[in-house]
Amino acid sequence: MSIRILIADDQAMVRAGLRLILESHHDMEVVAEAADGEEAFAAAVRHSPDVVLMDIRMPRMDGIEATRRLTTERSARVLVLTTFDVDEYVFKALQAGASGFLLKESSPEQLISAIELVAGGDALVMPARTRRLIEAHYRPSGVARPAAIKTLTSRETEVLIEVAGGPDNATIG
């Protein structure tokens, strides 16, 4: 059975290149393309892809918001594929529900492998980003907390942790 893929990127040449790479693999089928987040959401509704390859910077609706909508409203598996090696994008993409984060400088083999992992229900963050992600979210014991956090009650701290995790307000409540 082939993996059905939706490519969302605002650059037509990038979409075409990704299509060639993916369709050269016998177990992958590109079912749709989108030039922005709104088109990606609509295409996901129409085609029910197994994996959405999502760029971050796009017009009308960016990839972060499109990822949030796709993962909450459609239970889609999203693999963010971007040029921008920015920690903030990694954090926001994962908070929005992305199953993976990969840079466009990755090899075709890495892309294929990432898609297979995400389609299988696993998650993937490029190894170089994993260390930064861990450092940003998990401090070694004994590291001082910012003063503002020290004033929170245990319940407020619990809510803050939930908010940072990315679920919607109803889920947090």
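As the structure is a prediction and not an experimental result, all values here were calculated from the model.

1. Details of the sheet that holds strand β1 (residues 3-8)
A sheet is described by the order of its strands in space; here 6 strands give the open sequence β2-β1-β3-β4-β5-β6, paired in parallel fashion. Both edges of this open sheet fall to β2 (28-34) and β6 (124-125), since each of them pairs with a single strand only. Here strand β3 (residues 51-54) pairs with strand β4 (residues 78-82) via 3 bridges, running parallel. What sits directly across from Leu53, in β4, is Leu79.

2. A word on the confidence of the model for the chain
Model confidence for the chain is summarised by a mean pLDDT of 84, while 76% of its residues fall at 70 or above. Averaged pLDDT values over the elements of the chain bottom out at 53 in helix α6 (residues 127-137) and peak at 98 in β1.

3. Some details on the packing of helix α2 (residues 37-47) against helix α3 (residues 63-73)
When two helices pack together, you describe them by how their axes are tilted relative to each other and by the distance separating the axes. Interhelical geometry of α2 versus α3 gives an angle of 20° and a closest axis separation of 9 Å. By the angle between their directions, the pair α2 and α3 is classed as roughly parallel. The hand of the α2/α3 crossing is right-handed. On α3, the residues touching Gly37, Ala40, Phe41 and Ala44 of α2 are Ala66, Arg69, Leu70 and Glu73. The residue makeup of the contact of α2 with α3, split by class, is 5 nonpolar, 1 polar and 2 charged.

Rules and cut-offs
Residues numbered from 1 in each chain as written. Predicted model: local features only at pLDDT ≥ 70, side-chain atom pairs only at ≥ 80, totals over all residues. Heavy atoms only, no water. Pairing = 2+ DSSP bridges. Helix = DSSP H or I, 4+ residues; strand = E, 2+ residues; numbered from the N terminus. pLDDT = per-residue confidence, 0-100. Axes fitted to C-alpha atoms, helices over the stretch in contact; angles between N-to-C directions. Parallel < 35°, antiparallel > 145°, perpendicular 65-115°, else oblique. Left-handed = near helix turned anticlockwise from the far one by under 90°. Contact = heavy atoms within 4.5 Å. Nonpolar A, V, L, I, M, F, W, Y, C, P; charged D, E, K, R; others polar.

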